[in-house]
Amino acid sequence: MKRVVLLCALLCLLAPSLLVASFSDELSFLQDSELYCSLMRKIWDREDMQTCIDVYETLYDSVGDRSDWESLCIRLKADTAMARYCIEGPKKNTPNAKTLLKDAESLYARIEKCSSSEQQKVLGAMKSDIKSIHYLLSPVFNIASGLDSTKIIDKEYIKYPDEVTVALMYANRRLYAPAIGGKDTEEALGIYSSLLESEEKLSEWDRFSVLSGLGMCLKEKGCYDEAAAYLELAMDIYHGDEAIIEALKEIGE
């Protein structure tokens, strides 16, 4: 009921500009992998490095050397998730992040070759993600990777605005970019709100990103009660995000 009330309030706030899209998700199969779901929970809850590595290695062993599209994508997404954790998690491990990225790039080349026309909808998002992690490794020396990441996801959103992964990455870019880099909180808020309308289709991690994104947007707009409610819903899914914890402190929750 709380979600329904919040969504109604949000729709009233955005109306009449909000057009709710019907979304597809070419990576929905990730939800069927218990080990991948477990890895995402460990990472987002900011559990210790060894615990995350253990789940990651078990996941890799379970997939083995299978070369079908879904297996390759599971491995790539596990690589990029772990690489981010190695950079932004509680204990930084740059060498491991570089190794993971190198493996992700190799997997991407294989995925690109065997993707169907529908599966190609998420290729740009994968490539943009890899580029953005390269940027995180060294923002000063890898600024070109950061710019490439932005250009790629902007272009992909024009082509595939109804693909969950693409829309979410684009919304995150609009929310978290600096003003000079194309920040647009209103556009981000509209996309997150549309995605929330398709909540039943979303994976656990995408639902978390949508709820936290809505909370951060509303916080910037000064709608503190609604912002806190969405951020708390996100924390019900994963509880280790430092940015959300800090935002709730600032709001006074």
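So, here is what we can say about the structure in this document.

Rules of the game
- Residues numbered from 1 in each chain as written.
- Predicted model: local features only at pLDDT ≥ 70, side-chain atom pairs only at ≥ 80, totals over all residues.
- Heavy atoms only, no water.
- Salt bridge = Lys/Arg side-chain N within 4 Å of Asp/Glu carboxyl O.
- Helix = DSSP H or I, 4+ residues; strand = E, 2+ residues; numbered from the N terminus.
- Buried < 20%, exposed > 50% of the residue type's maximum accessible area, 1.4 Å probe, protein only.
- Phe/Tyr/Trp six-rings, centres within 6.5 Å; stacked < 30°, edge-to-face > 60°.
- Disulfide = S-S within 2.5 Å.

## Comments concerning the pattern of salt bridges
Taken as a whole and judged by the stated rule, the model has 13 salt bridges. Here R41 and E204 are joined by a salt bridge, their closest N and O atoms 3.6 Å apart. Of the two residues, R41 is situated in helix α2 (residues 34-44) and E204 in helix α10 (residues 204-220); the sequence distance between them amounts to 163 residues. Take E204: its relative accessible area is 23%, and that puts it in the partly exposed class. The closest approach of N and O atoms between E186 and K221, which form a salt bridge, is 2.5 Å. Here K221 lies in the loop between α10 and α11 (224-237) and E186 lies in helix α9 (residues 185-197), a separation of 35 residues in the sequence.

## Notes on the packing of aromatic side chains
This structure, assessed with the given rule, holds 7 aromatic pairs. Aromatic pair W44 and Y238: ring centres 6.1 Å apart, planes at 10°, arrangement stacked. Placement of W44 in helix α2 and of Y238 in the loop between α11 and α12 (242-251) is noted, with a sequence separation of 194 residues between them. Of the aromatic side chains, those joined through ring pairs into one cluster are W44, F208 and Y238.

## As for the state of the cysteines
Within the structure shown, the criterion is met by 0 disulfides. Not engaged in a disulfide, the cysteine C52 finds its nearest cysteine sulfur in C86; these two sulfurs lie 8.6 Å apart. No disulfide involves C114; its nearest neighbouring cysteine sulfur is the one of C73, lying 7.4 Å away.

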